[in-house]
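Per-entry structural report
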Amino acid sequence: MRHTLAVLVENNPGVLARVAGLFSRRGYNIDSLAVGRTDNPAISRMTIVVEGDDRVLEQVTKQLHKLIDVIKISDITADEYVDRELVLIKVNAEPEKRGEIMQIADIFRARIVDLGRRTMILECTGNEGKIKAFEESLKPYGIKELVRTGKIAMLRGSRYTNINSNGSKEDD
Amino acid sequence: MKKSGAQILVDCLREQGVDTIFGYPGGAVLPIYDALYDADIRHILTRHEQGAAHAADGYARASGRPGVCLATSGPGATNLVTGIANAYMDSVPLVAFTGQVVTSQLGKDSFQEADITGITLPITKHNYLVKDVRDLARVIREAFHIATTGRPGPVLVDIPKDVSSAVIEYEDPGPVNLPGYRPVLEPSAEQLNRAAEAIARAERPVIYAGGGVVYSGAHRELRRFAELILAPVATTLMGLGGFPGDHPLALGMLGMHGSKYANYAVCECDLLIAVGVRFDDRVTGKLESFASQARIMHIDIDPAEIGKNVRVDIPLVGDVKRVLSALIERLKAKLPGAWQEKIQTWKKEYPITYEENGRLKPQQVIREIYRVTKGQARITTEVGQHQMWAAHYYTYTRPRTFISSGGLGTMGFGLPAAIGVQVACPGETVFDIAGDGSIQMNIQELATAVNYDLPVKVAILDNGYLGMVRQWQELFYNRRYSYSELVNPDFVKLAEAYGAEGIRVEKPADVRPALEQALATSKPVLIDFIIEREENVLPFVPPGESLDRMLG
Ligand SMILES: Cc1ncc(C[n+]2csc(CCOP(=O)(O)OP(=O)(O)O)c2C)c(N)n1
Ligand SMILES: [Mg+2]
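Being a predicted model, the structure only gives us computed values, none of them experimental.

**Focus on the domain arrangement of chain A**
All names here are of chain A.
- Here chain A is partitioned into domain 1 (2-79) and domain 2 (82-152).
- For domain 1 versus domain 2, the separation of C-alpha centres amounts to 29 Å.
- Contact with domain 1, which involves seven residues of that partner, is made by five residues of domain 2.
- Looking only at domain 1, the three residues that lose the most surface to domain 2 are Arg2, Ala34 and Thr47, adding up to 60% of its buried area.
- A salt bridge links Glu128 to Arg2; the nearest nitrogen and oxygen atoms lie 3.3 Å apart.

Right, here's the structure in full:
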């Protein structure tokens, strides 16, 4: 099963290497990992999608906790959350095909962010399913290049994954 | 007040109560060595950085205080790596300082640059590269805090030369504040109640005790706990001394080279109480059949150990000493019954013995060392057959008296570790029980022992083989002794060349006089015991087998 972890870390040099090294060393499978600063510049947030059964997940969480730079881990898989990924796709777009491609973009609420003589770059955000469908729809035209950010996620409603007032490490 | 980085380091070490460091100088640590020149800290110059790391490790294991080592950048730092990995595997509080090239040269493959924080990432509890001298004091305080609290472990602090030489107006960084680091020491009441209930209900309990007992200082609590519930106690290699080896409830070691009665007890128990252990494969053998009739209770300070290798029915996260104390309060004394009787029968039926044939046997040497030291010596070991004989034939009754490389199994550990132990315990007798192969991996440290008048005794059980390798080749590779036979130097002459005393023993009758002679001098002494060449360590559970399938 795939789990989505929200991990708050101290924004220290090497923290990404520590997390990535832990996963590879212990043989855990990362599906995706996205990282960026939070509203507090000293703290970064990682969204890690990891594949494994409950036992593996328990180990992943505990081993992550052992990293001194890791402040908090939340497995939000079972909760209501919003997840998004952004993809940029450069696709073949001969003038006679552009209309069709623009229609596809419309359907997916994607944006055209660059127009070359024979190519277009489209930008699309959404959850994994949407991104996948979007990619499939563009495939017939010939995808020249594709880059995606990896998934980021946030709990819905008033619940949040943040450092609580006393700043202690916990998982919920 | 103005201070250099090196001065800050020295002051922080003093503040941490460090009295001794083990190190080796070089270009990138010259500012630090200059500050050490007139510092109130003893520096032991080992003859190899690996020796410094192991000595600091031995110092820490014997004293319970953090061990400190220091090396220069590049090769100095990489020479520490085995020692750091060794401390990591055995959860030893070690703080390693390394010099580094100046910050402007970092990442340029500069002379003697090695990315030591990168290299040691998977073998340290945490590590730091200090790029700004203003961070140095904070980092050093954090390093000692992390190394010594929770589950102990090594921490490395890498200090570029311009950082150690920079002079700043010093400001105290205040107490350690690590939001991501809060070890759990107190067990939860709910877990304790469940555990107490399970213990009360158990009919055939066995305690499986490891290094965590020794490190948390819980040997008295363990004894009271075992006596209260009348559970026999099997220890791991790391746990030897954590429970008195001469106690009626003692089962000795379990696992691959465990006693038969310890392994039988584990196979037949209905409750296995694991205390400060990590279910290493050398202990469990085939996992599917390990303690297969038992519910498993696991007491450990590291939550990540719970359920890592085996399913655990009753977890108890916390400091072993506090957990045991809390359990004792909740438990009533048990009465002896069939289980206790069965254990005693097994102990009588399957004692650990060897065959005497008039030739010099390694087991006899260890027994004699035990007798002449009245069981009061601190024993370190190298790795191999001699290590297992040292575990079986010397009886350890106090914690921190058996010091051996468990998790990493590092040949070359014993001599430098003995040096660290002797520094931590002046006036005590320290023996390195060594193999003829292992001793040559850090033999240069004899010079250190002589240099600092450290009267360590080295007992080489000289079988002319990499004996443990030979034993496996004998048993599993049809006696094809591929590159396991040794051509050795004259160890007696070698000892003498270093300025130590050397003695050779070839006959059983000469063992005791040689040991007495060794103890009579305050010099380091090396005794070369020429032992039966193809003696095997028994009993022996072949790798991957169930614990009750013992050879011998
Ligand atoms: C650094 C290192 N290299 C290799 C090994 C593998 N190894 C384990 S025991 C052993 C033989 C040790 O020989 P010796 O020190 O003579 O001890 P004996 O088994 O003969 O008592 C070897 C090579 C090891 N444990 N450590
Ligand atoms: Mg040998």
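**Quick look at the interface of chain A and chain B**
- Each partner contributes to the interface: chain A provides 21 residues, whereas chain B provides 20 residues.
- Interface area for chain A against chain B, summed over the two sides, is near 1600 Å², with a carbon-plus-sulfur share of 50%.
- Contact with chain B buries area across many residues of chain A, yet Arg18, Arg55 and Ile68 of chain A alone supply 39% of it, more than any other trio.
- Seen at the junction of chain A and chain B, the total is seven residue pairs in polar contact (both at pLDDT 80 or more).

**Overview of helix α3 (residues 98-107) of chain A**
Residue and element names in this part refer to chain A.
- The complete set of buried residues in α3 reads Arg98, Ile101, Ile104 and Ala105. Along α3, the residues classed as buried sweep out an arc of 120 degrees about the axis, all on the same side. Facing away from the buried side of α3 by more than 90 degrees, the exposed set consists of Gln103, Asp106 and Ile107.

**Some words on the packing of aromatic side chains**
Residue and element names in this part refer to chain B.
- What the rule picks out here adds up to 17 aromatic pairs over all chains.
- Centroid distance Tyr208 to Phe279: 5.2 Å. Interplanar angle 90 degrees. Geometry classified as edge-to-face. Residue Tyr208 is found in strand β9 (residues 205-209), and its partner Phe279 is found in the loop between β12 (271-275) and α13 (281-284); the two are separated by 71 residues along the sequence.
- A residue is classified by how much of its surface remains accessible, and Phe279, at 2% relative accessible area, is buried.
- When the ring of Phe279 is compared with that of Phe290, the centres are 6.1 Å apart and the planes differ by 90 degrees; the resulting orientation is edge-to-face.

**Considerations on the confidence of the model for chain B**
- Taken residue by residue, chain B gives an average pLDDT of 97. The fraction at 70 or more is 100%.
- Here the predicted complex scores 0.96 on pTM and 0.91 on ipTM.

**As for the sheet that holds β12 of chain B**
Residue and element names in this part refer to chain B.
- Across the sheet, which stays open at both edges, the six strands sit in the order β11-β10-β9-β12-β13-β14 with parallel pairing between neighbours. Where the open sheet ends on each side, the last strands, each with one partner, are β11 (250-253) and β14 (314-317). Geometrically, the sheet is characterised by an average inter-axis angle of 15 degrees between neighbouring strands, direction not taken into account.
- Two strands pair when backbone bridges link them, and β9 and β12 are joined in this way by five bridges, in the parallel orientation. The residue of β12 that forms the bridge with Ile207 is Ile273.
- Against the sheet, helix α9 (residues 189-201) makes contact with β12, β13 (295-300) and β14, and its axis sits at roughly 130 degrees relative to β14, the strand it touches most.
- On the sheet, helix α14 (residues 320-330) packs against β12, β13 and β14 and is oriented at approximately 125 degrees with respect to β13.

**Side note on the site of ligand 1**
Residues and elements named next belong to chain B.
- Around ligand 1, the structure places 17 residues, and the nearest of them are Gln385, Gly409, Gly437, Ser438 and Gly467.
- Within the side chain of Asp436, an N or O atom sits 2.9 Å from an oxygen atom of ligand 1.
- Interatomic distance of 2.8 Å between a backbone N/O atom of Gly437 and an oxygen atom of ligand 1.
- Within the complex, 76% of the 580 Å² of free accessible area of ligand 1 lies under protein.
- Contributing elements (two or more residues each) for the shell around ligand 1: α17 (385-393) and α20 (467-476).
- Looking at the shell around ligand 1 residue by residue, the classes come out as seven nonpolar, nine polar and one charged.

**Topic: the domain arrangement of chain B**
All names here are of chain B.
- Partitioning chain B into domains gives domain 1 (2-169), domain 2 (189-349) and domain 3 (362-530).
- Placing the centre of domain 2 and that of domain 3 at their C-alpha centroids yields a distance of 30 Å.
- The partner domain 3 presents 17 residues to the 18 residues of domain 2 that form the contact.
- Both faces considered, domain 2 and domain 3 share a buried interface measuring about 1400 Å² in area, 68% of it formed by carbon and sulfur atoms.
- When the buried area of domain 2 at its contact with domain 3 is split by residue, Leu237, Leu240 and His257 rank highest and sum to 39% of it.

How each quantity is defined
- Residues numbered from 1 in each chain as written.
- Chains lettered and ligands numbered in written order.
- Predicted model: local features only at pLDDT ≥ 70, side-chain atom pairs only at ≥ 80, totals over all residues.
- Heavy atoms only, no water.
- Domains from an automatic or database assignment.
- Contact = heavy atoms within 4.5 Å.
- Buried area = accessible area lost by both parts, 1.4 Å probe.
- Salt bridge = Lys/Arg side-chain N within 4 Å of Asp/Glu carboxyl O.
- Polar contact = N/O pair within 3.5 Å; in protein donor to acceptor, adjacent residues only side chain to side chain.
- Buried < 20%, exposed > 50% of the residue type's maximum accessible area, 1.4 Å probe, protein only.
- Helix = DSSP H or I, 4+ residues; strand = E, 2+ residues; numbered from the N terminus.
- Arc of directions from axis to C-beta.
- Phe/Tyr/Trp six-rings, centres within 6.5 Å; stacked < 30°, edge-to-face > 60°.
- pLDDT = per-residue confidence, 0-100.
- Pairing = 2+ DSSP bridges.
- Axes fitted to C-alpha atoms, helices over the stretch in contact; angles between N-to-C directions.
- Near = heavy atom within 4 Å.
- Areas by Shrake-Rupley, 256 points an atom, 1.4 Å probe, with all protein chains shown as cover.
- Nonpolar A, V, L, I, M, F, W, Y, C, P; charged D, E, K, R; others polar.

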